[in-house]
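This is what each chain is made of:
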Amino acid sequence: QTERYSDFHIRMIDGKIPYIRFPNFYEKEPAFVDSLIRAHHKELVEAAFFIVDVRDNNGGNDAVYKPLFPYILSGPIQTPNYGIWISEGNINMFLNGRKPEELEAENKAEYDYLSSLKGTVFLPDGAAYASTSVPDTLFATHQKVAVLINEKTMSSGETFVYRTRQSEKVILYGQNTAGIIDGFNVLTKTINCFELHYPSSIRARDVAENPIDPYGMPPDVYVDKNLDVLKFAIEHMSLLNHKKQ
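Residues numbered from 1 in each chain as written. Predicted model: local features only at pLDDT ≥ 70, side-chain atom pairs only at ≥ 80, totals over all residues. Heavy atoms only, no water.

(A) Geometry of the packing of aromatic side chains. Within the structure shown, the criterion is met by eleven aromatic pairs. Where Tyr82 meets Phe184, the ring centres are 5.9 Å apart and the plane angle is 65 degrees; that geometry is what we call edge-to-face. Taken together, the residues Tyr82 in the loop between strand S4 (77–80) and strand S5 (83–85) and Phe184 in strand S10 (residues 183–191) connect sequence positions 102 residues apart. Looking at Phe184, the relative accessible area reads 26%, which means it is partly exposed. Ring-pair connections join several aromatic residues into one group, and the members of that group are Phe8, Phe22, Phe25, Phe32, Tyr65, Phe69 and Phe160. Just above the ring of Tyr19 sits the side chain of Arg11; from NZ or CZ to the centre is 4.4 Å. Its guanidinium or amino end placed over the ring of Phe32, Lys28 lies 4.8 Å from that ring's centre, counting from NZ or CZ. (Phe/Tyr/Trp six-rings, centres within 6.5 Å; stacked < 30°, edge-to-face > 60°. Helix = DSSP H or I, 4+ residues; strand = E, 2+ residues; numbered from the N terminus. Buried < 20%, exposed > 50% of the residue type's maximum accessible area, 1.4 Å probe, protein only. Lys NZ or Arg CZ within 6 Å of the ring centre and 35° of its normal.)

(B) Looking closely at the side chain of Lys169. Among the structural elements, Lys169 can be located in the loop between helix H6 (156–164) and strand S9 (170–174). Buried charge without a partner: Lys169 forms no salt bridge, and the closest opposite charge is Glu168, 10 Å away. Only 3.1 Å separates the side chain of Lys169 from the backbone oxygen of Phe139, close enough to count as a polar contact. Contacts of Lys169, omitting those with residues within four sequence positions, involve Tyr71, Ile72, Leu73, Ser74, Phe139, Ala140, Thr141, Gln143, Lys144 and Val145. (Lys, Arg positive; Asp, Glu negative; His and termini not counted. Salt bridge = Lys/Arg side-chain N within 4 Å of Asp/Glu carboxyl O. Polar contact = N/O pair within 3.5 Å; in protein donor to acceptor, adjacent residues only side chain to side chain. Contact = heavy atoms within 4.5 Å.)

(C) Highlighting the sheet that holds strand S1 (residues 9–13). Spatially, the six strands line up as an open sheet ordered S1-S2-S3-S8-S9-S12, and their pairing is mixed. Edge positions in the open sheet fall to S1 and strand S12 (221–222), since each of these has one partner strand only. Sheet topology places strand S3 (residues 49–53) next to strand S8 (residues 144–149); five bridges connect them, and they run parallel. The partner of Ile51 across the bridge, within S8, is Ala146. (Pairing = 2+ DSSP bridges.)

(D) Local environment of the pairing of S9. Along S9, five of the five residues are buried, which leaves the element largely enclosed by surrounding structure. The side-chain alternation of S9 yields two buried faces, one formed by Val170, Leu172 and Gly174 and the other by Ile171 and Tyr173. Relative to S9, S8 is paired through five bridges, and the arrangement is parallel. What sits directly across from Leu148, in S9, is Tyr173. Where the polypeptide runs from S8 across H6 and back to S9, its parallel neighbour, the crossover connection is right-handed. Two elements, S9 and S12, share two bridges in a ladder whose sense is parallel. Residue pairing in the sheet places Gly174 in a bridge with Tyr222 of S12. (Right-handed = clockwise from strand over helix to strand, strands pointing away.)

(E) Structural view of a nonpolar patch on the surface. Where nonpolar side chains cluster on the molecular surface, the patch consists of Ile191, Phe194 and Leu196 and spans about 300 Å² of accessible area. By relative accessible area, Ile191 is classed as partly exposed at 40%. (Patch = residues over 30% accessible without salt bridge, like charges linked within 9 Å, V, L, I, M, F, W, Y side chains within 5 Å. Areas by Shrake-Rupley, 256 points an atom, 1.4 Å probe, with all protein chains shown as cover.)

(F) Seen up close, the nonpolar core. In terms of nonpolar packing, the biggest core is built from 30 residues, with Phe22, Val52, Val54, Ile72, Val147 and Phe160 touching the most fellow members. When neighbours within four sequence positions are excluded, Phe160 is seen to be in contact with Phe25, Val52, Val54, Tyr65, Ile72 and Val147. Formed by 16 residues, the second largest nonpolar core is a distinct cluster that contains Ile13, Ala146, Tyr173 and Val223. (Core = buried A, V, L, I, M, F, W, Y, C linked by side-chain atoms within 4.5 Å.)

(G) Just the packing of helix H4 (residues 88–95) against helix H5 (residues 105–116), in detail. Interhelical geometry of H4 versus H5 gives an angle of 175 degrees and a closest axis separation of 11 Å. Considering the angle they form, H4 stands roughly antiparallel to H5. Residue-level contacts link Ile91, Phe94 and Leu95 of H4 to Asn107, Glu110, Tyr111, Leu114 and Ser115 of H5. In the contact of H4 with H5, the residues fall into five nonpolar, two polar and one charged. (Axes fitted to C-alpha atoms, helices over the stretch in contact; angles between N-to-C directions. Parallel < 35°, antiparallel > 145°, perpendicular 65-115°, else oblique. Nonpolar A, V, L, I, M, F, W, Y, C, P; charged D, E, K, R; others polar.)

(H) Molecular detail of the environment of Ser167. With respect to the helices, strands and loops of the structure, Ser167 is situated in the loop between H6 and S9. Ser167 sits in the buried class, given a relative accessible area of 4%. Residues Ser167 and Glu43, spaced 124 residues apart in sequence, show a C-alpha to C-alpha distance of 20 Å. For Ser167, the side chain forms a polar contact with the main-chain nitrogen of Ser74, separated by 3.2 Å.

(I) Representation of the sheet that holds S10 in the model. Reading across the sheet, the four strands line up as S6-S5-S11-S10 and stay open at both edges, with antiparallel pairing between neighbours. Strand pairing shows two members of the sheet lacking a second neighbour, strand S6 (121–122) and S10, which therefore form its edges. Of the strand pairs in this sheet, S10 and strand S11 (residues 194–202) are connected by eight bridges, and their pairing is antiparallel. Looking across to S11, one finds that Val186 is bridged to Pro199.

Purely spatial values, then, with no claim about function.
Next up, the structure:
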């Protein structure tokens, strides 16, 4: 099945283990992912465990993976409130090619406020360190979920890992994630024939004291990259499930 590794899909391994492959989080719309997961609802909730593979996932839109949350979370999760670096360049991005005097009154007031914060980190979601998300629905809370990760799991691939590793159902297999998450919301600036890609935001207010970059997030079960991590996870999950019975 290696030819399908580059495509988002759901399939059954050995007729009983659901396998969900996310090569990225930008090629598919959330509604498409939601419909496909709903179509496999019975297989997902009746399986002893299932697998989510985000190896080599280079990110995209966080909303793409959220339809899976009712199946993968065990309860509320926390996400740190992010901060935006208020620089001249980032403020100009807000203008989107317009002049300050061309802004409507509400946008002009926002522009003036942001301009007054130049040289600082602005926290759009307020003073609280993190926000808490409470799932409306949780399925098969007795299950375990194997999440496969590696050193090329990055950006929104890492936010997926950050959130889902808070679930008691999840066991991470593989190697550390990329460690490219403390700075995000990447902007691009063209300089002569080069393109500079740089982050405009920070993951949390304490990234200096509690960084994830550059080492990434470790797995619960380290699997050498030369081994077949999918096969290893299936065997390990099957053993855990057998012991639980």
